[in-house]
Amino acid sequence: MPDASPTTPDELPSALARLTTSLPGLSPSVPQLVLHALWDGLGLARACGLAAARTAPAEWNSRQRNAETVEYLLARELARTAAATSRPLSHRSTTAATEARGTTWAAIVVQAILDFAHTAEPLARTTAETAATWDDQRSFAACVSLFSELAACWRGERPAYQLRYTDTRTSPWWNHPPCF
């Protein structure tokens, strides 16, 4: 799987696109590989969404806040898999944008998120169907609908998921992966 560790906002969409392209090549019979690819993709999608919301707040800020709840639920389900015991789950941080980006750039970033969600959904489904443990079956099956919901949030179809907290710059799960 390609290295998906960007450090600047300009690298985010291409890193997420590389990861998305690698997903169909993963074997769903190896839940650990699927888990870590989906976890890395979720982290990149989160960073992409934050970058888009900073670039064009009027257009993407509301959708990012809606997607945040689904991102949290996805992180929670992925952390509950039996496959999650193989190594700690963490996200790499990226630097903030140092120059203004345009709405076209933000739209490209959001398209990368949509592509990831649409590619991750069938991989999660197949992994759930072939998983040997009940925890993996249940968690990956839950992720199927959550990836669909993530895409719906970014398409503007889910306006009611917003988490209620005052600091909109970071997410609670982003800095503190869920422990279950």
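Here, every reference points to the structure presented above.
Residues numbered from 1 in each chain as written. Predicted model: local features only at pLDDT ≥ 70, side-chain atom pairs only at ≥ 80, totals over all residues. Heavy atoms only, no water.

A. A look at the pattern of salt bridges. In the structure shown here, the tally under the stated rule is six salt bridges. Where E77 meets R138, a salt bridge forms, and the shortest distance between an N and an O atom there is 3.0 Å. Separated by 61 residues along the polypeptide, E77 in helix α3 (residues 57–80) and R138 in helix α5 (residues 134–154) bring together distant segments of the chain. For E77, a relative accessible area of 6% translates into the label buried. Two residues, E157 and R155, come together in a salt bridge whose shortest N-O distance is 3.0 Å. E157 sits in the partly exposed class, given a relative accessible area of 40%. For R155, a relative accessible area of 33% corresponds to the partly exposed category. (Salt bridge = Lys/Arg side-chain N within 4 Å of Asp/Glu carboxyl O. Helix = DSSP H or I, 4+ residues; strand = E, 2+ residues; numbered from the N terminus. Buried < 20%, exposed > 50% of the residue type's maximum accessible area, 1.4 Å probe, protein only.)

B. Inspection of helix α1 (residues 12–22) at higher detail. Turning to α1, its buried residues are L12, P13, A15, L16, L19, T20 and S22. Close packing links the buried residues of α1 with α2 (31–55) and α4 (103–130). (Contact = heavy atoms within 4.5 Å.)

C. Seen up close, α3. End to end, α3 covers 33 Å across 24 residues, agreeing with the expected 34 Å (1.5 Å per residue, within 8%). Approximately 25° is the largest bend angle found in α3, and it occurs at E68. All buried positions along α3 are accounted for by W60, Q64, N66, A67, E68, T69, V70, E71, L74, A75, E77 and L78. (Expected span 1.5 Å × (residues − 1). Bend = angle between axes of the 7 residues up to and from the residue.)

D. Molecular detail of the packing of aromatic side chains. In total, this model carries two aromatic pairs according to the counting rule given. Seen from their ring centres, W60 and W154 are 6.1 Å apart, and the 45° between their planes marks the pair as tilted. Here W60, found in helix α3, pairs with W154, found in helix α5; they are 94 residues apart in sequence, far enough to count as distant. Centre to centre, the rings of F116 and F147 are 5.6 Å apart; their planes meet at 85°, and the pair counts as edge-to-face. In this pair, F116 sits in helix α4 while F147 sits in helix α5, placing the two residues 31 residues apart along the sequence. (Phe/Tyr/Trp six-rings, centres within 6.5 Å; stacked < 30°, edge-to-face > 60°.)

E. Structural view of the packing of α1 against α2. Where α1 meets α2, the closest approach of the two axes is 9 Å, and the angle between their N-to-C directions is 155°. By the criterion of interaxial angle, the relationship of α1 to α2 is roughly antiparallel. Considering the relative orientation of α1 and α2, their crossing is left-handed. Two secondary-structure elements touch here, α1 through L12, P13, A15, L16 and L19 and α2 through A37, D40, G41, L44, A45, A47, C48 and A51. A breakdown of the residues in the contact of α1 with α2 according to their chemical character gives eleven nonpolar, one polar and one charged. (Axes fitted to C-alpha atoms, helices over the stretch in contact; angles between N-to-C directions. Parallel < 35°, antiparallel > 145°, perpendicular 65-115°, else oblique. Left-handed = near helix turned anticlockwise from the far one by under 90°. Nonpolar A, V, L, I, M, F, W, Y, C, P; charged D, E, K, R; others polar.)

Note that every value here comes from positions in space, so none of it alone points to a role or purpose.
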